[in-house]
Amino acid sequence: MSITPFSSTVDLRSDTVTLPTESMYDRMRQAPLGDDGLDGDPTAVELEQYTAKLLGKPAGLYAPSATMANLLAILAQASRQDVVIAGSGSHIYTAERGAAAITGAFYQPIPDPEGALDLASLQATLESTKGGLKIRLVCVETSHNNEGGAVASLDHMRQVFELARAADARVHLDGARLFNAALTLSVPASSIAAQADTVSVCLSKGLSAPMGAVLVGPVETIQRARWLRKLLGGSQRQVGIAAAAGLEALQSMVDRLSQDHACARLLADGLASVATLRIKHPQTNIVQVNVLATGRTAQQWETSLRSQGVLVRPWGPTLMRCVTHRHVSVSGIRTAVEVFKAVAAERGTHVRGS
C-alpha cells in the first residue's frame, strides 16, 4: 500500500516547539528593561511578582529554564549530604539527578505510579533513620511527564505535604505543566501550589513563551535562590525581553490549554482504532502509544511516521509520546490519525472497523 505524503508536518514531539504569539512579540518590543544582574530588570520583576501572586506565594524568581528552577529549589533547601526524595519516574530523578554533582545531595527514588508518590513508601522513607542522613526535601511533579501527563489528586498532594511536614522536610513541586494539571482538576493553580513550599512553572511549553521558568516560594528561600542563580551564571542582564513574553503567556495562554486537552483526547480516540496499538487515555495534553504488539520498535514507528509528515518521540523501546499544543489543529490531529493507520496497514497491523 502506498502512502501519499501530506503537504504539512504535524509536530507532536513536544509542546516545547510552540512559537511566541504576535502579542508576545509586541510586548517584547515595548518592555521596560534594566540590568537584572545589577539593580534589576523591571519587566522580570513584574513577571516574578505576578507569578508569585498567581500561585499564592510571597516571592518569585525568573530562571532561564525549569531545569534550573528545580536545581535552584533543591540547592536553596537542601545541603550537601542531605537526602532529596523524588518519584522514580519523575523528571527530577530520571533527567535531572545529575545535578547531584552540584548539590552534593543524595537523590532517593520512591515509586510514583500514575504520577503519584506511593504514600506508604514515602512514609517509610521519611521515618527511616538508616545511614544517619537527613531528608530535607520531597519533590513531586504534576502533570507527570513520564506517566503520560498524569495528574495526582489534590487530596494526594495534601497527604504528601502533611507527611513531609511531620518529618520536618519541605516539598518542592516541579510544575512545568502545572496549569495543565490545574485544568484537569478544575481548580486554580494556586490550590495545587499550596501543597508545596516551592513551585517551578515552565513558560516555554504549552504557554508558548520562547524561554524561561519561574520559581516561587518563601521570601528567604527565593532570596537564596537568587544568589545561587548568580553563582550558576543565570543572571541575564536585559532579560525583560524574554520576561515580557512570559507575562503575556501567563495572562493570555492559560485558558486555551483546554483546546490542547481536547485534541489529545481526539488523538487517543483515533489511535485506539488501531487494534495493536495500546493507548493510555490522556488526562492532559500527552498521549502515550505502546507499540509492543505491532512487532516493531518505537524508533521504527517514528521513522515511518516522520516519512509521512508526522513527528513523534520514542519514549522507550516500544513506547512513543505524542504531545498536543496550539500549533496542532483538529485537522492536524485527523491527519496524524490517518498516517498512523496507513503506516499500520503497510505493516499488516489490523485496524478496528476495517
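Quantities reported herein were computed from a predicted structural model and do not represent experimental measurements. (Residues numbered from 1 in each chain as written. Predicted model: local features only at pLDDT ≥ 70, side-chain atom pairs only at ≥ 80, totals over all residues. Heavy atoms only, no water.)

Some remarks on the pattern of salt bridges
Stage number 1. All told, the structure shown has 13 salt bridges when counted by the stated rule.
Stage number 2. The salt bridge involving R237 is made with D35; its shortest N-O contact spans 3.0 Å. On the criterion of sequence distance, the pair formed by R237 in the loop between α10 (219–231) and α11 (240–252) and D35 in the loop between α1 (22–30) and α2 (42–54) is long-range, its members being 202 residues apart.
Stage number 3. Residue D35 is classed as buried on the basis of its relative accessible area, which comes to 16%.
Stage number 4. Bridged by salt links that share partners, the residues E114, E147 and K280 form one connected network. (Salt bridge = Lys/Arg side-chain N within 4 Å of Asp/Glu carboxyl O. Helix = DSSP H or I, 4+ residues; strand = E, 2+ residues; numbered from the N terminus. Buried < 20%, exposed > 50% of the residue type's maximum accessible area, 1.4 Å probe, protein only.)

A few points about the side chain of D112
Stage number 1. With respect to the helices, strands and loops of the structure, D112 is situated in the loop between β4 (106–110) and α6 (119–127).
Stage number 2. Look at D112: it is buried, it has no salt bridge, and the nearest opposite charge is K280 at 10.0 Å.
Stage number 3. A distance of 3.4 Å separates a polar side-chain atom of D112 from the backbone nitrogen of S90.
Stage number 4. Residues contacting D112, with those up to four places away along its chain left out, are G87, S88, G89, S90, L117, D118, H144 and E147. (Lys, Arg positive; Asp, Glu negative; His and termini not counted. Polar contact = N/O pair within 3.5 Å; in protein donor to acceptor, adjacent residues only side chain to side chain. Contact = heavy atoms within 4.5 Å.)

Looking at the nonpolar core
Stage number 1. Counting residues in hydrophobic clusters, the biggest one holds 53 residues, and the most contacted among them are L55, V138 and V199.
Stage number 2. Per-element tally for this core: the top contributor is α11, with 7 residues.
Stage number 3. Beyond its immediate sequence surroundings of up to four residues, V199 is in contact with L55, K57, H172, L173, L178, A193, V214, L215 and V216.
Stage number 4. One finds A69, A86, A105 and L228 within the second-largest nonpolar core, a separate group that totals 29 residues. (Core = buried A, V, L, I, M, F, W, Y, C linked by side-chain atoms within 4.5 Å.)

Details of the packing of helix α8 (residues 178–185) against helix α12 (residues 257–271)
The relative placement of two packed helices is expressed as an angle between their axes plus a distance between the axes.
Stage number 1. Between α8 and α12, the least distance of the axes is 10 Å, while the angle of their chain directions is 75 degrees. Our classification of the angle between α8 and α12 gives roughly perpendicular. Residues F179, N180, L183 and T184 of α8 form the contact with α12, whose own contacting residues are L257, S258 and H261.
Stage number 2. Taken together, the residues of the contact of α8 with α12 break down into 3 nonpolar, 4 polar and no charged. (Axes fitted to C-alpha atoms, helices over the stretch in contact; angles between N-to-C directions. Parallel < 35°, antiparallel > 145°, perpendicular 65-115°, else oblique. Nonpolar A, V, L, I, M, F, W, Y, C, P; charged D, E, K, R; others polar.)

Description of the sheet that holds strand β9 (residues 278–280)
Stage number 1. The strand order across the open sheet formed by 4 strands is β9-β10-β13-β12, and the pairing between neighbours is antiparallel. With one partner strand each, in any of the chains shown, β9 and β12 (313–316) form the two edges of the open sheet. Across the sheet, the axes of successive neighbouring strands diverge by a mean angle of 30 degrees, strand direction being ignored.
Stage number 2. By the bridge criterion, 3 bridges tie β9 to strand β10 (residues 286–290) in an arrangement that is antiparallel. Bridging across to β10, I279 finds its partner in V289. (Pairing = 2+ DSSP bridges.)

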